[in-house]
Amino acid sequence: MKNRRLSDLCFLRSVAPGVTLSVLLVCVMTGVISYGVHRLIDFAISTTIKNEAIQETSKWAKYFNATSPDLARMMADGKLTQEQNNIVQAAIDYNNVYSFMLFDLQGQLNFGSDEGVLESPEDQAFSQEALNVVHSGEPSVIVTKRQSYSTLPDFFVEALVPAYGTDQQIIGVIYLFMDKSDKAALFHQFLNWLGYLLPILCALLYSIPSLAFVLKREQANAKARRVNHLSRFDHLTGALNRHTMSAEAKMRFTQRRAAENIGVMFLDIDNFKAVNDESGHEFGDAYLHNIASILMGTVRSTDLVGRMGGDEFVVALPNIDREELERIGIRMLSAARKPFEYKGRTIKSSISIGYRLSPQGETPQTALHCADLALYHAKSNGRDSLVEYFPELDMALNRRRDIEATMESALATDRFETVFQPITEPKDGSIIGFEALLRLTSESGEKIPPTEFIPVAEETGMIHEIGLQVLRNALKTALNWPSGVFLSVNLSARQFDRDDLVEQISTILTELNYPAHRLEFEITESLLMEDEERISEMLADLRHLGVSIAMDDFGTGYSSLGYLWKYSFDKLKIDKVFLEGYDFDGERYREIIETIVVLGRKMGMEVTIEGVEEKRHADMLKSLDCDQYQGFLFGKPMAAHETLSISWDQSKTA
Ligand code: C2E
Ligand code: MG
Ligand code: MG
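These remarks concern the structure in this document. (Residues numbered from 1 in each chain as written. Chains lettered and ligands numbered in written order. Predicted model: local features only at pLDDT ≥ 70, side-chain atom pairs only at ≥ 80, totals over all residues. Heavy atoms only, no water.)

**Some words on the coordination of the magnesium ion (ligand 2)**
Coordination of the magnesium ion (ligand 2) by the protein comes from Glu435 (OE), Asn490 (OD1), Glu522 (OE) and Asp552 (OD), over a distance range of 2.0 to 2.3 Å. Donor residues binding the magnesium ion (ligand 2) come from one chain and are separated in sequence as E-x54-N-x31-E-x29-D. Here the magnesium ion (ligand 3) and the magnesium ion (ligand 2) are spaced 3.7 Å from one another, each receiving a donor from Asp552. Of this pair, Glu435 sits in strand β15 (residues 431–441) while Asp552 is found in strand β19 (residues 548–554), placing the two residues 117 residues apart along the sequence. Residue classification places Glu435 among the buried residues on the basis of a relative accessible area of 3%. (Donors = N, O, S within 2.8 Å, 3.2 Å for Na, K, Ca; no water. Helix = DSSP H or I, 4+ residues; strand = E, 2+ residues; numbered from the N terminus. Buried < 20%, exposed > 50% of the residue type's maximum accessible area, 1.4 Å probe, protein only.)

Quick look at the structure:
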């Protein structure tokens, strides 16, 4: 609703200049038309009155001719008898003549009336105008509108018409001054409404289509602007989209001045997948929008913020030094840490930022690559941090690529090896199970530890294939062990990303006809921090198959008691770090180990202690109530064929 009102407001604001211009145009046009129409009306009235005056004066001259038999003489000497005087007077009154004059053939004024008084002028005035009429035989009529300062009538006509004798010869010129104010006023009264109506009509005729045009054009413009916006910006977050960001950043790099450093940040949201899984995609979208707003609100007006896809953002900061770049990055981190609330649901998350202060001459691709490596480092070092690129990151990347290639070829040529580490019974040291552990050897013979290749397998997704391969191989070996010996297999948190994990495991168990109760899966706490409901269901399904679940490496992660309650494990495996700690602070670590053992037991779990390397470890553990030991003291991880040559009756080690 608010958005709609906002967009209406924007639309109104954008059409306002067009409408104002149209209104202005209409006003000017109305004024011009109004002025023109009035001028036209004046002209029409003058012309009509002029024509009328010509006819009237001609008629008047004829009438005068007819009623004055010795007109020719009157013209010549200007003397009128009383009777002629009366006739003239009556004619003047009848025709509303204001002034009347007679000119002879030489243009001399011989007789005249002024304001009703008829008289022969003492000085005979000459009129060139009258002489012209004598020569041309055409009447001369002038229509005049009174000037404001004059005492003359509002509208009057001065007409000079030739007077004809009985032989139809011009005998002189009659001058008439007629007051036409009433007539003109009548015309005006009749025509003036036209002077108002016409401009209004024109204004309407113009303004309706022009307004429609302005609105239509503005709608088209708004659409074009929207299309432009959509093609430039990411519709979800309002940041620049990937394409525009790349183009704009490239431009900043090519236009940079000598010695200008450009900051490039590559960042993403920590555990965004979990945010999406747990709170839904709508919440995830709102959270993405929130992060983009934080970024855009933190950078300077000259900087660029672009969304590269998913939860990845890139920020380009031209003309910047390291201190300012770090300041901006730290502000982003702390703003992103604040709880985010949407539709009654609140989460706390964080972002990780890798950045590169790109020097003159470096390409945007290289700068971005460096920032990406730094981000990767920030992620693998606990997240929620700001890391600047350093050259060793390239070496780490190369190493990672090598491992990836080695794993790919190992998968293809079956070069992964599964080894088995004994798990023993504390009382007599007999082997009661084995943990399957994966080994990778490169083509050059280098042994790559699982702590290094398993994370790469998880990132690349290879863990799905590798995990099932380990399980299958280990089960094949375990089938040869005595029935009381169990197999323990590690499951990575990433393997749980596949919904069909349990189904796949079930299929393998059925295929190999392996009894599920002799199989145990080890999972770590990192898995339990993900989508709680889903993981809980998958673990329940696994247990439903008949396998047992152990919590591995207990004590190294969050060691939350909540997880132990929630997921009810069959076994707790105490991490080897506690026995390592025992080596330099014996009493303290003994107590910690004892506490964990008691806790596990009380919660109905079996307890295994890892990393039993030395006899002194075993001696100390005797006083505790552990169920199983695992460590080099009782057996190092061994090849599959070695487990087959164990003489089970004499397998006791301690
Ligand atoms: P983990 O599951 O806790 O496995 C136990 C690790 O402790 C093994 O290291 C084992 O060799 C080592 N260990 C056992 N006893 C002792 C001891 O007395 N002293 C010392 N210092 N170490 C001992 P490894 O084989 O290097 O495996 C390391 C980790 O790699 C494993 O820890 C596990 O998390 C992971 N891993 C190994 N194989 C697989 C696998 O097939 N799948 C998955 N998802 N992870 C695996
Ligand atoms: Mg394990
Ligand atoms: Mg372990």
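Having put the structure on the table, let's press on.
**So, empty space enclosed by the protein**
The tally for this structure, following the rule as stated, stands at 2 cavities of 30 Å³ or more. The space that makes up the largest cavity amounts to roughly 60 Å³. Taken together, His464, Leu468, Gln495, Arg498, Asp500, Leu501 and Gln504 make up the full set of residues lining the largest cavity. Those elements that provide at least two residues to the lining of the largest cavity are α13 (463–478) and α14 (501–512). Classifying every residue of the lining of the largest cavity gives 2 nonpolar, 3 polar and 2 charged. In this structure, the second largest cavity encloses a volume near 30 Å³. (1 Å grid on protein atoms, 1.4 Å probe; cavity = no way out; pocket = protein on both sides within 12 Å on 5 of 7 lines; lining within 4 Å. Points joined across faces, edges and corners; volume = space filled by probe spheres on them. Nonpolar A, V, L, I, M, F, W, Y, C, P; charged D, E, K, R; others polar.)

**Observations regarding the pattern of salt bridges**
Taken as a whole and judged by the stated rule, the model has 36 salt bridges. Among the ionic pairs, Asp384 bridges to Arg337, the shortest N-O distance being 2.9 Å. Of this pair, Asp384 sits in the loop between α10 (364–380) and β13 (386–388) while Arg337 sits in helix α9 (residues 322–337), and the two are 47 residues apart along the sequence. Between Lys573 and Glu522 there is a salt bridge, with its nearest N and O atoms 2.5 Å apart. With a gap of 51 residues between them, Lys573 in strand β20 (residues 571–574) and Glu522 in strand β18 (residues 519–523) connect regions that are remote in the sequence. Judged on exposure class, the residue Lys573 and its partner Glu522 are both buried. One connected set of salt bridges, linked through shared partners, spans Glu435, Glu522, Lys573 and Glu610. (Salt bridge = Lys/Arg side-chain N within 4 Å of Asp/Glu carboxyl O.)

**Some remarks on a nonpolar patch on the surface**
Together, Phe190, Trp193, Leu197, Leu198 and Leu201 make up a nonpolar patch on the protein surface, roughly 500 Å² of accessible area in all. Relative to the elements of secondary structure, Phe190 occurs in helix α5 (residues 181–232). (Patch = residues over 30% accessible without salt bridge, like charges linked within 9 Å, V, L, I, M, F, W, Y side chains within 5 Å. Areas by Shrake-Rupley, 256 points an atom, 1.4 Å probe, with all protein chains shown as cover.)

**A look at the coordination of the magnesium ion (ligand 3)**
The protein atoms that coordinate the magnesium ion (ligand 3) are Asp552 (OD), Asp553 (OD), Glu610 (OE) and Glu610 (OE), at distances of 2.1 to 2.6 Å. Every donor residue of the magnesium ion (ligand 3) comes from the same chain, spaced as D-D-x56-E. Under the relative-accessibility criterion, Asp552 is labelled buried at 7%. Taking the relative accessible area as the measure of exposure, Asp553 reaches 24% and is therefore partly exposed.

**A look at the packing of aromatic side chains**
For any two aromatic rings, the description comes down to two numbers: the centre-to-centre distance and the angle of the planes. Scanning the entire structure with this criterion turns up 12 aromatic pairs. Seen from their ring centres, Phe156 and Phe177 are 4.7 Å apart, and the 20 degrees between their planes marks the pair as stacked. With Phe156 in strand β5 (residues 155–164) and Phe177 in strand β6 (residues 170–179), the pair connects residues that are 21 residues apart, well separated along the chain. On the basis of relative accessible area, Phe177 is assigned to the buried category, the value being 6%. Ring pairs connect the aromatic residues Phe283, Tyr287, Phe340 and Tyr342, which therefore count as one cluster. Seen from the ring of Tyr35, Arg39 lies directly overhead, with NZ or CZ sitting 5.2 Å from the centre. It is Lys636 that lies over the ring of Phe632; its NZ or CZ is 4.8 Å from the centre. (Phe/Tyr/Trp six-rings, centres within 6.5 Å; stacked < 30°, edge-to-face > 60°. Lys NZ or Arg CZ within 6 Å of the ring centre and 35° of its normal.)

**A closer look at the site of ligand 1**
For ligand 1, the set of nearby residues contains 21 residues, the closest of which are Gln421, Glu435, Asp552, Glu613 and Phe632. In the environment of ligand 1, a nitrogen atom lies 3.1 Å from a nitrogen or oxygen atom belonging to the backbone of Leu438. Here ligand 1 has 790 Å² of accessible area as a free molecule, and 85% of this is covered by the chains. Here the shell around ligand 1 gets 4 residues from one element, more than from any other, and that element is β15. Looking at the shell around ligand 1 residue by residue, the class counts come to 8 nonpolar, 5 polar and 8 charged. (Near = heavy atom within 4 Å. Polar contact = N/O pair within 3.5 Å; in protein donor to acceptor, adjacent residues only side chain to side chain.)

**Thoughts on unusual backbone geometry**
Residues other than glycine seldom take positive phi values, yet Asn319 does so here, at roughly 50 degrees. Along the polypeptide, Asn319 turns up in the loop between β9 (312–317) and α9. For Asn319, a relative accessible area of 43% translates into the label partly exposed. Look at Asp414: it is not a glycine, yet its phi comes out positive at around 60 degrees. Tracing the chain through its elements places Asp414 in the loop between α11 (392–413) and β14 (417–424). Residue class for Asp414 comes out exposed when judged on its relative accessible area of 53%.

**Some remarks on the pairing of strand β1 (residues 97–103)**
Burial runs high along β1: 5 of the 7 residues are buried. Sheet analysis places β1 next to β6, joined by 6 bridges and oriented antiparallel. Along β6, the bridge assignment pairs Leu102 with Ile174. (Pairing = 2+ DSSP bridges.)

**Some points on the sheet that holds strand β8 (residues 304–309)**
If you trace the 5 strands from one edge of the open sheet to the other, you get β8-β9-β7-β12-β13, paired in mixed fashion. Each edge of the sheet is formed by a strand with only one pairing partner; in this case those strands are β8 and β13. Averaged over neighbouring strand pairs, the angle between their axes works out to 20 degrees when direction is ignored. Note: strand β12 (residues 351–358) against β13, 3 bridges, orientation parallel. (Axes fitted to C-alpha atoms, helices over the stretch in contact; angles between N-to-C directions.)

**With respect to the packing of helix α8 (residues 281–298) against α9**
Relative orientation of the contacting elements α8 and α9 amounts to 150 degrees, with a least axis distance of 10 Å. By the angle class used here, α8 and α9 are roughly antiparallel. In this structure, α8 crosses over α9, and the sense of that crossing is right-handed. Residues Tyr287, Ile291, Ile294, Leu295 and Thr298 of α8 form the contact with α9, whose participating residues are Ile328, Arg331, Met332, Ala335 and Ala336. Classifying every residue of the contact of α8 with α9 gives 8 nonpolar, 1 polar and 1 charged. (Parallel < 35°, antiparallel > 145°, perpendicular 65-115°, else oblique. Left-handed = near helix turned anticlockwise from the far one by under 90°. Contact = heavy atoms within 4.5 Å.)

**Things to note about α9**
A rise of 1.5 Å per residue sets the reference length of α9, with its 16 residues, at 22 Å; its end C-alpha atoms lie 23 Å apart and thus fit the reference within 8%. Looking at α9, one finds that the buried residues are Leu325, Ile328, Gly329, Met332, Leu333 and Ala336. Projected onto a plane normal to the axis of α9, the buried residues spread over an arc of 140 degrees and lie on a single side. More than 90 degrees from the buried face of α9, the exposed residues found are Glu323 and Ile330. (Expected span 1.5 Å × (residues − 1). Arc of directions from axis to C-beta.)

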